[in-house]
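Commentary on secondary and tertiary structure
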Amino acid sequence: MSDTIVTLPDQSTARIPKMNYLTKENGLLSWLLTGDHKRIAILYLISISFFFFVGGSLAGLIRLELLTPQSDLMATDTYNKVFSMHGIIMVFFFLVPSVPATIGNFIIPMMIGAKDLALPKVNLLSWYLYVAAGILALYTMASGGVDTGWTFTTPLSTHYVNTHVLTTGMAVFIAGFSSIFTGLNFIVTIHKMRAPGMTWFRLPLFVWAHYAASILMVLGTPVLAIAIVLMALERTVGIGVFDPTKGGDPLLFQHLFWFYSHPAVYIMILPGMGVISEVISTFSRKRVFGYTAVAFSSVAIAVFGFFVWAHHMFIMGISNYAVLIFSLLTMLVAVPSAIKIFNWAFTLYKGSITFETPMLYAFGFMGLFTIGGMTGVFLGASGTDIHLTETYFIVAHFHFVMVGGMLMAFLSGIHFWWPKMTGRMYPEKISQLAAVVTFIGFNLTFFPQFILGTLGMPRRYASYPPEFQILNVFSTAGASVLGVGYLLPVLYLTWSLKYGEIAGNNPWQATGLEWQVQSPPLTENFPEIPIVDHEAYDYEWLERQKEKEVASVG
Amino acid sequence: MSHISPIIWQFLVKWMTNFALFPPEASKIAPQMDALYFFMVLVSLVGLTIVILLITSFSILYSKKRHPVAVQIEGSTLLEATWTIIPLGLFLVMFVWGALLYFRIYTPPANAMNIYVVGKQWMWKAEHPGGQHEINALHVPTGRPIQLTIISQDVFHSFSIPAFRVKREAIPGRYTSVWFEATTPGTYHLFCTQYCGTDHSHMIGDVVVLTPEDYKKWLDGSTSGSSLAQNGERLFASLSCAACHNTRPDARGPSLANVYGSRLTLSSGQQITADDAYLREAILNPSQHITQGYAPIMPTYQGQISEEGVIDLVEYIKNLDSDYRVQQTTASTTLLPEGEGNTTKAPVAPGANQRAPQGMVKQ
Amino acid sequence: MSDSTAIAHGTAEAHHEHPPYQRHHFETIAQQNDATNFAMWLFLLTEIMFFGGLFTAYLIYRNWYYPAFVQGSHQLQIGWGTANTAVLITSSFTMAMGVWSAEMRKKGALVLCLVLTFTLGLVFLGIKTIEYSEKIEKHHVPGFHYSVQSFVDPASDPEVYNEYHDKPLALDMARHTELYFFLYFAMTGMHALHMIIGIAILGFMIFRARAGAYTTGHVTFVENFGLYWHFVDIVWIFLFPLLYLINRHPLAH
C-alpha cells in the first residue's frame, strides 16, 4: 500500500497539436480509403450513431403505440415491422459494433502500444461490410420492412410471412462478417502487436474484455451465418431442414440461432464492462481491485457464455435434463458478473474519487447492470422462467443489460475518451445533467416493464388488456425523458468539436498508454514504440513520470 | 373536482379502477412459484442495496475533497472469495428450487384430465375429451388436475395463463404438455406469448375456472354430440385402420387394445412407451415406429389428417381397452359414410362378431 | 528475409530500413508474417464453425432417418467421389510444392505449381458438375420437383438397384431422403463455393507470380492461401466418408 497524490494539469496554455491523425490528410477520400484505426473508429462512430437514432425512433414509435391498449396508432402489421426493425437495427447495427468498433478500434492499439491494428485493410473492409449491410437493412425498411422479429423464428420466417426476410437475412449475414473481421483483428492485434514489456497481465482490463468478446465474435458469428443461410434456403427452395412435415426440426434453428445469439449478449456487454473498469479506476485514482479476478471473469464469461444458449428454450420442450444442465450453467455464468460488480465497488474504497460525467455513467451502469443481471437469474432458474419468459419481464431484463448496461457504458466511454479522440473537452455541467436525465428516464421506462411482465403481459403485442395501461403510460413517459437524455450528448458533443476546451494529453491523469501521447494522437499513435515497465493502473508510475518531466523541463 | 378536465378525470378513474400490480394466484402451483419469485426479489433487493450502499458510502468517504490521497490496494483474496462464494451459493439455491418447480409444472400427475389445445394463426382451439370445442377460451373445473396436450398447426405459439403461472410452447409437429390445478373460480387471461405473425396480439382469450358443478353444467350445455374418442372411432373406421389393426391371427398390424401406456419393442430393438406423442408419430411417420414382428407396410397419413383428426384418433386409441369395437367396425366399415382422409375398402372380417362383447370404449 | 531487398522507406516516420512489403505499423517483418499467419488460422477457425452448423444438422438427421440416409448415399457414385478425393489431395500436394517453390524463390516452379493446382481445382469442379447433373436428371434436387421414386421403388432405378438390392422404403421414410440430398447439396455446394473462391484467387496469383511478386522472399500470401486451400481439402476429407462411404452396407437388423 502506498499513497498517490494526483493533481490535474494546468490547461490554460494547452494547444491542439498541429500534426495529428485528423489533420494529416484532408478530403473525403482520405477518410474513405484510410487504414488508420482511429479514422475508421470515427467512421464507425458516425455510422453507429446514425443507426442508433434510426433504431431509437422506431423504439419511440413502439412506445407511442403502447400508450393505449388498442392498436390505434398503427395496424398490428406495421407494429410488428416496427419492433422487428428496432430489434434488428439495435442488435446488429448498434449494440454489437458499438463499443468494440468505435472505442475499441480507437483505443486498443494505443493501449497495447501498437501503431495500428494488425490488419488495417481488413479493419476498413469490416467498416464497408457494416455500411453495405446497413444500407441493405435501410433499403429493406424503406421497401416494406420485415415482420419476423429479430429472432427470425422458423417456420414463421420461412413459410408464413411474405415480407423482406431474405434481404434482411442478407443484411444480418453481411453485418456478421463485419463483426467476425473486427473480432479477428482484435485477437491478432492483442496477441502479436503488444509493445515490448506489455505482458498479458499488464494489459488494461479494457483489452481483456475485448479479447474475451472477440473470441465470442470469431467463434459464434459463423454459426449465425449458417443458420441464416439455411433459413434462406428453406424459404426459397423449401429444403425441409426446419420443416416438421418434411422431417425437419424447427428447434434446430433455435439451437443454431441461440448458439450465436446468446454469446452475442456477451459480445455486447463485455466491451462495456471493459470501459467501466477503466473509468472507475481513473476517477478513483486507484488500481482496479483484484485485477486478475476481473480479467479472468471476462474470459470465464466468454467460455461459459458458449454453453448456456438453450436457456432460451426452457419452455420449448427440450429434454428436462438439458434444462437442468443449461439452467445450472446459466447460474454459473452469473457469478463472474457479480464478481466484477463487487470488484468495481471496492475499487472505490480508499480512492480519491471525483464525479465527472464518465464516472456518473459508470455508477449508472453498476446499478442498472446489477438489476439486469439479477433479473437474468430469475429467468435462468428454470421454474420462474416458465412464468416470466416471453413477457415484458424479459424485455425489461435485456434492456436493463443492453441499454442500462451497454449504452451507459458506451456513453461513459465516449465521454471518457472524447478528449483523446477530438483533443477537446465536452462541457461538464450539461453532460452531467444528461447522465442524470438518462438514468431517470431509463428507470422510468423500463422498471414498470418488470411489473408488466410479472403480470403476464406478453412481449411483441400491439394491443393489450386495459388493466396494463397505467404502467405502459409510465413507460412511454419515461421513454420521452430517455430520448432527451440521448439527444443532449449529440448536441453538446458536436458543439464541443469547435468550442470545447482544449484537453491536453492527459486531462484525467489516467495511466493508460493512450493518455501518455498527444490528443488527438499522431497517425501512427506513438513517435516511437514505448517500452512498458509497469503494471496497468500504476498511478505511482504516472507520478514518477510527471516528476521526471518537471525535472527535465526545469 | 370540477376544476379537473373531465377527460383527464375519466382516464384517472379508469386507470385507478383497472390497475394491477400483481397477477391473481389461481392455481395450486401459483403460490409456490410466487414464493421463489419473492425469494429472488428479496435477494436482488439485498444485493442491490449492498451495491448502492457501497457506492454511495465510498463516494462520500473517499471523495477527492475528503480523501485527496488514494491508497493503492492490490485486492483481497478473502473478500473476493466471499463475493464469489456467497452469490454462487445463492444462485445454486435458486437453481435447485427453480428446477424442482420446473419438474413439478411439466410432469402431469397420472390422474390428470387431458384437454387438447391446438394453436394456429391466430386462434387457440381447445378440445375436451367429451367432444366440447372451444375457440380462444378454455373452461376448466377447480380442484382437479388438468393436463394440456398442446400442438401447433403452423408456427410456434405459446400457451400462457399468467394467473396459473404456467406457459408452454406450441410447436408444429410435436406434442408438448403442461398441467395445473385451478383453485379459484373466475375468468383469467389466456395469451399467446410466442410471436406468431400479424395478429399475434389478438391471439388471446379467456380461461374460465368453474366450480365442479358449474363445469358439469357447462359440459352438458356445450356438447357437440360425440366425444373425441367417438370421432376418432369414426375416423378409424373410415381410414380402414382395422383392416390391419385387428386381432385376427393373420393381422398385418398389431392390435391397438390397451396399447396406450404400454412398453413396446420396436423393430429397431428400441424400447418405447406408447404415449400421445408416440401414437401421433406412429400415424404420421409409421416406418420409424414399427412394432417388432410386423412388416413396415403402414402408409403414412402425413398431410391427410388434420391435427384435430390426429387428436381424435389418439384419443380413440387411448381409450381402447378391448378389441370388441374394432371388430365391430371391421365388420361394418363399408356401411359408414366416408369421413376425412382416403378411404380404401377393407375386407370384411368373417366372424368378427363371434366373440363375446367384453368391453366398451371408455367414455 | 534477405537484407538485399531492403530499401530505406523515405518518410519522416520511418526510423529504420525495412523491405517494401513490410507495412508501416509492424516493427519487424517477422511480426508481420506472424500476425498474418495467425489471422489466417483464426479465419479458418470461423470456417470450421460455419461448416460445423451443417455437420450438426447432418449428425442429427442421420441419427433420426438412418435408412433414408443409407439409401440416399447409394445414389452417389463412389467412383467419382474417390476420383475427386484423389484430385483434391494431389492439388494440395501441388499447392504445398508451390509454397516451397516460393520460399526457394523458384519462379518457374511456382507458376507451374499454381497452374497445376488451378487445373486440378477445375477438374474437381468438373467432376462435381457431372455428379450434380446426374442428380438433376433423377429429380434428386430438394425443392425442385423432388422425386422419391428411386426409394419407394428401387427396382425402377436399375443402376443402383443392381449394385445394392435395396428394399423399398416406406413413403414417410423415403420422403426423408430429401433431407439427405439437401445436406449433400448444402455441404458439397458450400465446399464447391469455397473451391470457386480459391480458384479465382489462384488465377490472380498465377498472374502475379509470373510478374515475380512472390519470389522476392515475401511468401506470406502464398503461404496463407496454401492454408486456405488445405483447409478446403480437409473439409472434403470429412465430407467424402460422411456422404459417400459411411454405412454403405448397413448391418442387417
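**Details of the overall build of chain C**
When helices and strands are tallied, chain C shows 9 helices and 0 strands. Along chain C, from the amino end to the carboxyl end, the secondary structure elements read α-α-α-α-α-α-α-α-α. Taken against the 2.2 N^0.38 rule, which gives 18 Å for 253 residues, the C-alpha radius of gyration of chain C at 23 Å runs more than 25% over that of a compact globule. The burial tally for chain C puts 39% of its 253 residues in the buried class. Nonlocal contacts in chain C, meaning residues at least 24 apart in sequence, comprise 75% of its contacts between residues at least 6 apart.

**Regarding the overall build of chain B**
Check the secondary structure of chain B and you find 8 helices and 13 strands. In chain B, which comprises 363 residues, the proportion classed as buried is 39%. For chain B, long-range pairs separated by at least 24 residues make up 71% of all intrachain contacts whose partners lie at least 6 apart in sequence.

**Details of the interface of chain B and chain C**
Listed per partner, the contact involves 10 residues of chain B and 5 residues of chain C. Here the residues of the side of chain B that touches chain C sort into 3 nonpolar, 7 polar and no charged.

**Overview of the pairing of strand S7 (residues 157-161) of chain B**
Residues and elements named next belong to chain B. The buried count for S7 comes to 5 of 5 residues, which makes it a mostly enclosed element. Here S7 shows two buried faces, one formed by His157, Phe159 and Ile161 and the other by Ser158 and Ser160. Here S7 pairs with strand S8 (residues 166-170) via 5 bridges, running antiparallel. Opposite His157, over in S8, you have Ala170 as the bridge partner. With antiparallel pairing between neighbouring strands as the criterion, S7 and S8 make up a hairpin whose turn holds 4 residues, including Arg165 at a positive phi of roughly 60°. Across 2 bridges, the pairing between S7 and strand S10 (residues 186-192) is antiparallel. Bridge pairing links Ser160 to Phe191 in S10.

**A closer look at the sheet that holds strand S6 (residues 146-152) of chain B**
Residues and elements named next belong to chain B. The strand order across the open sheet formed by 5 strands is S4-S3-S2-S6-S9, and the pairing between neighbours is mixed. One side of each edge strand has no neighbouring strand; the edge strands of this open sheet are strand S4 (133-135) and strand S9 (176-180). Averaged over all pairs of adjacent strands, the angle between their axes in this sheet comes to 25°, without regard to strand direction. Inspection of the sheet shows strand S3 (residues 123-127) paired to S4 by 3 bridges, in the antiparallel sense. Its bridge partner being in S4, Glu127 is matched across the sheet by His133.

**Observations regarding the sheet that holds S10(B)**
Sheet strands associate in pairs through backbone hydrogen bonding, adopting either a parallel or an antiparallel arrangement. Residue and element names in this part refer to chain B. The mixed open sheet is built from 5 strands, whose spatial order is S5-S11-S10-S7-S8. Unpaired on one side and paired on the other, strand S5 (137-141) and S8 mark the two borders of the sheet. The average angle at which neighbouring strand axes cross in this sheet is 20°, direction not considered. With 5 bridges joining them, S5 and strand S11 (residues 205-210) adopt parallel strand pairing. Opposite Ala137, over in S11, you have Asp206 as the bridge partner.

**A look at the domain arrangement of chain B**
All names here are of chain B. Here chain B is described as being made up of domain 1 (21-61 + 76-224) and domain 2 (228-332). For domain 1 versus domain 2, the distance between C-alpha centres works out to 33 Å. At the level of secondary structure, the elements contributing two or more residues to the side of domain 1 that touches domain 2 comprise strand S2 (113-120) and S6. Its residues assigned to classes, the side of domain 1 that touches domain 2 shows 5 nonpolar, 3 polar and 2 charged.

**Section: helix H1 (residues 29-64) of chain C**
Taking 1.5 Å of rise per residue, the 36 residues of H1(C) would be expected to cover 52 Å, and the 53 Å separating its terminal C-alpha atoms lies within 8% of that figure. The largest bend in H1(C) comes to about 25°, at Gly52(C).

**So, the nonpolar core**
Counting residues in each nonpolar core, the largest one holds 339 residues, and the members touching the most others are Ile89(A), Ala227(A) and Leu183(C). The element best represented in this core is helix H8 (residues 205-236) of chain A, accounting for 22 residues. Viewed by domain, this core spans two of them, domain 1 (21-61 + 76-224) and domain 2 (228-332) of chain B, each represented by three or more residues.

**Section: the interface of chain A and chain B**
Tallying the contact residues gives 82 residues for chain A and 80 residues for chain B. For the side of chain A that touches chain B, the leading source of residues is helix H11 (residues 320-347) of chain A, giving 14 residues. Residue composition of the side of chain A that touches chain B, grouped by class: 45 nonpolar, 27 polar and 10 charged.

**Notes on the packing of helix H3 (residues 76-95) of chain A against helix H5 (residues 120-142) of chain A**
Residues and elements named next belong to chain A. Between H3 and H5, whose axes approach to 12 Å, the crossing angle comes to 175°. When the axes of H3 and H5 are compared, the pair comes out roughly antiparallel. When H3 is examined against H5, the residues Met85, Ile88, Ile89 and Phe93 are found in contact with a partner set consisting of Gly134, Ala137 and Met141. Within the contact of H3 with H5, the residues separate by chemical class into 6 nonpolar, 1 polar and no charged.

**Regarding the packing of helix H14 (residues 392-422) of chain A against helix H15 (residues 428-455) of chain A**
Residue and element names in this part refer to chain A. At a closest axis distance of 7 Å, the pairing of H14 and H15 adopts a crossing angle of 170°. If you check the angle between H14 and H15, you find them roughly antiparallel. Helix-helix and strand crossings are classified by hand; for H14 and H15 the assignment is left-handed. Along its contact with H14, which presents Tyr392, Phe393, Ile394, Val395, Ala396, His399, Phe400, Val403, Gly404 and His415, the element H15 presents Ser431, Phe442, Phe446, Gln449, Phe450, Leu452, Gly453 and Thr454. The residue inventory of the contact of H14 with H15, partitioned by class, reads 11 nonpolar, 7 polar and no charged.

**Considering the environment of His230(C)**
All names here are of chain C. Tracing the sequence through the fold places His230 in helix H9 (residues 220-245). With 18 C-beta atoms counted inside 10 Å, the residue His230 sits in the partly exposed group. Sequence separation between His230 and Met95 is 135 residues, and the spatial gap between their C-alpha atoms is 8.3 Å.

**Some remarks on helix H3 (residues 78-103) of chain C**
Residues and elements named next belong to chain C. The terminal C-alpha atoms of H3, which comprises 26 residues, lie 38 Å apart, in line with the 38 Å expected from a rise of 1.5 Å per residue. Burial in H3 covers these residues: Gly81, Asn84, Val87, Leu88, Ser91, Ser92, Thr94, Met95, Gly98, Val99, Ser101 and Ala102. Where H3 terminates, the next one or two residues include Arg105, which has phi positive at roughly 60°.

Procedures and definitions
Residues numbered from 1 in each chain as written. Chains lettered and ligands numbered in written order. Predicted model: local features only at pLDDT ≥ 70, side-chain atom pairs only at ≥ 80, totals over all residues. Helix = DSSP H or I, 4+ residues; strand = E, 2+ residues; numbered from the N terminus. Rg over C-alpha atoms; globule rule 2.2 N^0.38 Å. Buried ≥ 20, exposed ≤ 12 C-beta atoms within 10 Å, placed from the backbone. Contact = placed C-beta atoms within 7 Å. Nonpolar A, V, L, I, M, F, W, Y, C, P; charged D, E, K, R; others polar. Pairing = 2+ DSSP bridges. Axes fitted to C-alpha atoms, helices over the stretch in contact; angles between N-to-C directions. Domains from an automatic or database assignment. Expected span 1.5 Å × (residues − 1). Bend = angle between axes of the 7 residues up to and from the residue. Core = buried A, V, L, I, M, F, W, Y, C linked by C-beta atoms within 7 Å. Parallel < 35°, antiparallel > 145°, perpendicular 65-115°, else oblique. Left-handed = near helix turned anticlockwise from the far one by under 90°.

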